[in-house]
Amino acid sequence: MVDPVSIALVAAIGGAAGKFAEKALSLSAKWLAERFKGHLAKAKEQAQQNTLDFIEKLAQRVKILEEQNKQNKKIIDKSLSQPDFSILLQKAVISSAQTKDEQKHEFLARLVADRLTKESDSLFSLTSQIACDAIPKLNINQMKILGVLATIFFIRPKPFPPTNEPQQEAGNSWSKWLEDKLSFSQDVNPNIMDLLHLESLSCIRWEPFLERELEDLINFPKDSGMIFVHISFLQTEVGKKIFQLWKAGLGGAFPTAVGILIGIYVSDMLLNTTTSLDKWGETYIYSPDDLS
């Protein structure tokens, strides 16, 4: 039975997003009743509260999506009739029910909202199903590891490298960008068990005896004709920390599509940015800021 107050809260959002949230809330009550059958009443109550927080966050994101254009309203209206999307929502409901962590609820809400505008057989849609299972099984340190790896391997400013600056100035701008984007790494402390856990959740491929060259990964693309003097970054406090993390095991890690997606969400949350996933699956994922 869904709490009438909860229904009123999500219905107040109005429009297609409000209707979507009402249906999601009704479905979640059925899914939770089935999943937590035989559990103590207090556990059931907490699971419902956790899920309500997730659905409220999801409704707000769907509302923003609805306001972007009329086509999104049609997508939202039809979304719960799609089996694969319905399964993703069910996974997110069950995942959110297991934790009080509001950050994880936010990640799950963004995941489901981002999936709304993607095709069923797209790489993002396939990745989102696995990411949804992984998120509740990660702690903040492990999530930050993914944020670091996603930034080093895939997140880039646009244009990259900058085409309107001399090489030295472009290098300085890139070094500063790396400092800003990796500033959250200072309290990251990976150990072997963290990396093994991330690998078990399909977030990374870890090869401890094969260290990838950090200098190559943060350099400008070879076809750009430009060279980044990486020492300028590695001598900064953030750069020293990244080098330390690299030697502590991250050098043997390669993020999967699942790890990159979660890493982007973590980076965006910690830095208060929103990285567009419209080009998901390409060589780089471009951040909303630039080097100009």
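Source: prediction; values computed, not measured.

### Here's the deal with the packing of aromatic side chains
Then step 1. A full pass over the atoms with the stated rule returns six aromatic pairs.
Then step 2. Between the aromatic rings of Trp 174 and Trp 177, the centroid separation amounts to 5.1 Å while the plane-to-plane angle is 20°, which identifies the pairing as stacked. You can see Trp 174 and its partner Trp 177 sitting in helix H9 (residues 167–181), three residues apart, about one turn around the helix.
Then step 3. Each member of the aromatic cluster is reached from another via a ring pair, and the members are Phe 153, Phe 154, Trp 246 and Phe 254.
Then step 4. One residue, Arg 35, lies across the ring of Phe 36, its end atom 6.0 Å from the ring centre.
Then step 5. The ring of Phe 124 has Lys 118 lying over it, and the distance from NZ or CZ to the ring centre is 4.9 Å.

### A word on the pattern of salt bridges
Then step 1. Scanning the model with the defined rule gives 14 salt bridges in all.
Then step 2. The shortest N-O distance in the salt bridge between Arg 61 and Glu 106 comes to 3.0 Å. In this pair, Arg 61 sits in helix H3 (residues 41–68) while Glu 106 sits in helix H6 (residues 102–115), placing the two residues 45 residues apart along the sequence.
Then step 3. Residue Arg 61 is classed as partly exposed on the basis of its relative accessible area, which comes to 29%.
Then step 4. Owing to a relative accessible area of 26%, Glu 106 belongs among the partly exposed residues under this scheme.
Then step 5. Close ionic contact of Arg 110 with Asp 114 constitutes a salt bridge, the shortest N to O distance being 3.3 Å. In this pair, Arg 110 and Asp 114 are both assigned in helix H6, four residues apart and thus about one turn of the helix distant.
Then step 6. Members of the salt-bridge network, linked through shared partners, are Asp 53, Lys 57 and Glu 102.

### As for the side chain of Ser 95
Then step 1. Looking at where Ser 95 falls in the secondary structure, it is placed in helix H5 (residues 83–97).
Then step 2. Among the residues examined, Ser 95 registers a relative accessible area of 4% and is labelled buried.
Then step 3. There is a polar contact of 3.1 Å between the side chain of Ser 95 and the backbone oxygen of Cys 132.

Criteria and cut-off values
- Every residue gets a number counted from 1 within its own chain, in the order that chain's sequence is written.
- The predicted origin of the model limits local features to residues at a pLDDT of at least 70 and limits the giving and counting of side-chain atom pairs to 80 or more, whereas totals for whole chains, interfaces and linings rest on all residues.
- Hydrogen atoms and water are omitted, and side-chain values are computed over all heavy atoms in the structure.
- Only Phe, Tyr and Trp rings take part, Trp by its six-membered ring, and two of them pair if their centres are within 6.5 Å. Stacked means planes under 30 degrees apart, edge-to-face means over 60, and tilted covers everything else.
- Under the scheme used here, helices are H or I runs from DSSP no shorter than 4 residues and strands are E runs no shorter than 2 residues, and both carry numbers assigned from the N terminus.
- Whether a charge lies above a ring is judged from NZ of Lys or CZ of Arg, which has to be within 6 Å of the ring centre and within 35 degrees of the ring normal.
- For this document, the term salt bridge refers to a Lys or Arg side-chain nitrogen within 4 Å of an Asp or Glu carboxyl oxygen.
- Here the term buried applies to any residue with accessible area under 20% of the maximum for its type, exposed to any over 50%, and partly exposed to those in between, with areas from a 1.4 Å probe on protein chains only.
- In protein, a polar contact requires one atom able to donate a hydrogen and another able to accept it; more generally it is a pair of N or O atoms within 3.5 Å, and residues adjacent in sequence count only if both atoms are side-chain atoms.

Note that every value here comes from positions in space, so none of it alone points to a role or purpose.
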